[in-house]
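These are the residues of each chain, in order.
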Amino acid sequence: MGFFLETLLGGLMAGMLYSLIALGFVLIFKASGVFNFAQGAMVLFAALAMARFAEWIPKWLGIDSALVGNLLAFVAAMAVMVVVAWAVEKLVLGRLVNQEGITLLMATLGITYFLDGLGQTLFGNDIYKIDVGMPKDPIFLFENLFQGGVLVNKEDVYAALIAAALVALLSLFFQKTATGRALRAVADDHQAAQSIGIPLNRIWVIVWSVAGFVALVAGIIWGSKLGVQFSLSLVALKALPVVILGGLTSVPGAIIGGLIIGVGEKLSEVYIGPMLGGGIEIWFAYVLALLFLLVRPQGLFGEKIIDRV
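Below: a short report on this structure. (Residues numbered from 1 in each chain as written. Predicted model: local features only at pLDDT ≥ 70, side-chain atom pairs only at ≥ 80, totals over all residues. Heavy atoms only, no water.)

1. Some points on the overall build of the chain
Scanning the chain from terminus to terminus reveals 13 helices and two strands. A compact globule built from 309 residues would reach a C-alpha radius of gyration of about 19 Å, and the chain, at 20 Å, matches this within 12%. Counting only C-alpha atoms and orienting by the principal axes, one finds that the chain spans roughly 65 × 60 × 35 Å. Each of the 309 residues in the chain was classed as buried or not, and the buried ones make up 47%. In the structure as shown, the chain presents an accessible area of about 15000 Å², 66% of it carried by carbon and sulfur atoms. Both charge centroids of the chain, one from 18 positive and one from 19 negative side chains, sit 8 Å from each other. (Helix = DSSP H or I, 4+ residues; strand = E, 2+ residues; numbered from the N terminus. Rg over C-alpha atoms; globule rule 2.2 N^0.38 Å. Buried < 20%, exposed > 50% of the residue type's maximum accessible area, 1.4 Å probe, protein only. Areas by Shrake-Rupley, 256 points an atom, 1.4 Å probe, with all protein chains shown as cover. Lys, Arg positive; Asp, Glu negative; His and termini not counted. Charge placed at Lys NZ, Arg CZ, Asp CG, Glu CD.)

2. Topic: the nonpolar core
Counting residues in hydrophobic clusters, the biggest one holds 90 residues, and the most contacted among them are Leu20, Ile21, Trp208 and Val228. For this core, the element with the highest residue contribution is helix α8 (residues 200–226), accounting for 15 residues. In contact with Val228, not counting residues within four places along its chain, are Leu44, Ala47, Leu48, Ala51, Asp126, Ile127, Tyr128, Ile130 and Gly223. (Core = buried A, V, L, I, M, F, W, Y, C linked by side-chain atoms within 4.5 Å. Contact = heavy atoms within 4.5 Å.)

3. Remarks on the packing of aromatic side chains
In this description, an aromatic ring pair is defined by two values, namely the gap between the centres and the angle between the planes. Tallied over the full model, the rule gives nine aromatic pairs. Their ring planes at 25 degrees and their centres at 5.9 Å tell us that Trp56 and Trp60 sit as a pair that is stacked. Here Trp60 and Trp56 lie together in helix α2 (residues 39–61), a separation of four residues that amounts to about one turn. Taking 6.1 Å as the distance between ring centres and 90 degrees as the angle between the ring planes, the aromatic pair formed by Phe74 and Phe213 counts as edge-to-face. Residue Phe74 is located in helix α3 (residues 66–91), and its partner Phe213 is located in helix α8; the two are separated by 139 residues in the primary sequence. (Phe/Tyr/Trp six-rings, centres within 6.5 Å; stacked < 30°, edge-to-face > 60°.)

4. Digging into the packing of helix α10 (residues 239–246) against helix α11 (residues 251–271)
At a minimum axis separation of 8 Å, α10 and α11 run at an interaxial angle of 120 degrees. Taken together, the axes of α10 and α11 lie oblique to each other. The chirality of how α10 crosses α11 is right-handed. Facing α10, whose interface residues are Pro241, Val242, Leu245 and Gly246, α11 presents Gly253, Ala254, Gly257, Gly258, Ile260 and Ile261. (Axes fitted to C-alpha atoms, helices over the stretch in contact; angles between N-to-C directions. Parallel < 35°, antiparallel > 145°, perpendicular 65-115°, else oblique. Left-handed = near helix turned anticlockwise from the far one by under 90°.)

5. Here we look at the environment of Leu290
Tracing the backbone through its elements, the reader meets Leu290 in helix α13 (residues 280–295). Given the relative accessible area of 48%, Leu290 is considered partly exposed.

6. Observations concerning the packing of α2 against α8
It is at 8 Å that the axes of α2 and α8 come closest, and there the two elements cross at 65 degrees. Of the two possible hands of crossing, α2 and α8 adopt the one that is right-handed. Residues Gln39, Met42, Val43, Ala46, Ala47 and Met50 of α2 form the contact with α8, whose participating residues are Trp208, Ala211, Gly212, Ala215, Leu216, Ala218, Gly219 and Ile220. Of the residues that constitute the contact of α2 with α8, the class distribution is eleven nonpolar, three polar and no charged. (Nonpolar A, V, L, I, M, F, W, Y, C, P; charged D, E, K, R; others polar.)

7. Section: the pattern of salt bridges
Summed over all chains, the structure comprises four salt bridges. For Arg52, the salt bridge identified is with Glu55, shortest N-O distance 2.7 Å. One end of the pair is Arg52 and the other is Glu55, both in helix α2 and three residues apart, which spans about a single turn. As a salt-bridge pair, Lys225 and Asp156 come within 2.5 Å of each other at their nearest N and O atoms. Within this pair, whereas Lys225 is found in helix α8, its partner Asp156 is found in helix α5 (residues 154–176), the two being separated by 69 residues in sequence. On the accessibility criterion, Lys225 (29% relative accessible area) is partly exposed. (Salt bridge = Lys/Arg side-chain N within 4 Å of Asp/Glu carboxyl O.)

8. A closer look at the pairing of strand β2 (residues 150–153)
The side-chain alternation of β2 yields one buried face, formed by Val150 and Val152, and one unburied face, formed by Leu151 and Asn153. In this sheet, β2 lies alongside strand β1 (residues 138–141) in antiparallel orientation, the contact comprising four bridges. Looking at β2, one finds that Pro138 is bridged to Asn153. (Pairing = 2+ DSSP bridges.)

9. Examining α10
For α10, the tally of buried residues reaches seven of eight residues, placing the bulk of the element in the interior. Within α10, the full set of buried residues consists of Ala239, Leu240, Pro241, Val242, Val243, Leu245 and Gly246.

10. A word on the side chain of Thr108
Here Thr108 shows up in helix α4 (residues 101–123). If near-sequence neighbours (up to four positions away) are discounted, Thr108 is found in contact with Val34, Phe35, Asn36, Phe37 and Ala38.

Below, the structure is given as structure tokens:
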């Protein structure tokens, strides 16, 4: 039972990180109806910016404090992501208002490759380190209940708590604020939202900026765990099955979907993997997403669209 709980907790914490990245997909889809393939590239770009600014800013300003250096690097990286959001609206989305969904989808694919190339040009293509002071020591829980206790990494615990807090804040933002309601109105109907005075260009800059903030936090957490490298964008794409499972328009769905996939892939790798030669963790999420597309294509919490003829 102790080993099972250890695997379960590891899956839940990994699932919260998947949920955090999936939120970027959900936020942009809710506000613009665009499935943003660039979210993985945004996570990588933001993590690169954070890693390099954390290295450069202390040298430029002669700062010895790691905390101050990281805070300034975070602000600088967030400013870069806001500029990216503004550029995406001005140069891409603003010129494709009311176009077909496939046109917008292809535009986000173009943004993906552009950000990948721009990241290498501006920040380099080595493996970089992000050190924000999260403890990496393991701890033992429930030692009184199970022999040896349950081994958990402190960094995973902190990362899961940060992800959970951010998910809760974004849920409140969408449900309780005027801007959040405007974002949902734009997602429902661009033309109708414009007709009642909602500025489409400002809304898109806001939502891409918020998605950039989510990408930055996710990039910092994953970069702290794995290092900032270009495979990070592939890790971020693990969030695609999460949004398919939870529903493209549902913030709670992103949370539940992430937890299901995080737990499912860990348990299947540990208990079924040895019988199949391992490797289940790599493809489990995508097979589960395929099954959901066959049975419930709108996801667990997605809106069911009914077309009447």
